[in-house]
Amino acid sequence: MKTISILLTGYSDWFGRFIRVTSRSGYSHASLSIDGMEEVFYSFNGKGVVVEQPKKWKPRRRKEHSVCIRIRVPASICADIEKEIQQFLEMRDIYTYSRLGVLLCLLHIPHKFKNSYFCSQFVAEVLGRSGAVQLKKKESLYLPKHLLDGFECCFSQKQIAYNVI
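Residues numbered from 1 in each chain as written. Predicted model: local features only at pLDDT ≥ 70, side-chain atom pairs only at ≥ 80, totals over all residues. Heavy atoms only, no water.

A. Local environment of the packing of helix H2 (residues 75–90) against helix H4 (residues 119–130). Relative to each other, H2 and H4 sit at 135 degrees, their axes nearing to 9 Å. Comparing the axis directions of H2 and H4 gives the class oblique. As for the relative orientation of H2 and H4, their crossing is right-handed in sense. Across the interface between the two elements, Ile-77, Ile-81, Glu-84, Ile-85 and Phe-88 from H2 touch Phe-122, Val-126, Leu-127, Arg-129 and Ser-130 from H4. Across the contact of H2 with H4, the residue classes tally to seven nonpolar, one polar and two charged. (Axes fitted to C-alpha atoms, helices over the stretch in contact; angles between N-to-C directions. Helix = DSSP H or I, 4+ residues; strand = E, 2+ residues; numbered from the N terminus. Parallel < 35°, antiparallel > 145°, perpendicular 65-115°, else oblique. Left-handed = near helix turned anticlockwise from the far one by under 90°. Contact = heavy atoms within 4.5 Å. Nonpolar A, V, L, I, M, F, W, Y, C, P; charged D, E, K, R; others polar.)

This is the structure we're talking about:
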């Protein structure tokens, strides 16, 4: 078994504040790690597909209330997730960040744009397609706060740790 991690963070920029206020949550960003050490996370932001290293972030970039969700999955599932993330990275030029997708999500309107994702939609879709979790709703309806309890773990219970990174 391997551990995958989902990091939820509250950014303090204008779009992060907008998401936190409208979703009534402290979290505006979600990213996914498969390295077991939580050194490297993958996500979407205004630049498209991104590789993040939260432990190297400057303190002002972080919100004091971050949360990390850890899920134990078989090594084969982790390998599938790694392959999918690698495909996103190799084709990163065709992917964009979907601000319109975020707005539709806030309005509870499911819609999938071709080659366009927002952070929590990306995390939900990668986890759902791999079989690591069973989603309770469409991927395009997941905001960061929904990743706390919006899916069923297929292999083990999820562990939630506060202020870990």
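Once the structure has been displayed, the description carries forward.
B. Focus on helix H1 (residues 14–23). For H1, the complete set of buried residues consists of Phe-15, Gly-16, Ile-19, Arg-20 and Ser-23. Buried residues along H1 cover an arc of 135 degrees about the axis, so they all sit on one side. Across H1 from its buried face, at more than 90 degrees, point the exposed residues Trp-14 and Val-21. The secondary structure elements touched by the buried residues of H1 are strand E6 (96–97) and helix H3 (99–106). Arg-24 lies just past H1 and shows a positive phi near 55 degrees. (Buried < 20%, exposed > 50% of the residue type's maximum accessible area, 1.4 Å probe, protein only. Arc of directions from axis to C-beta.)

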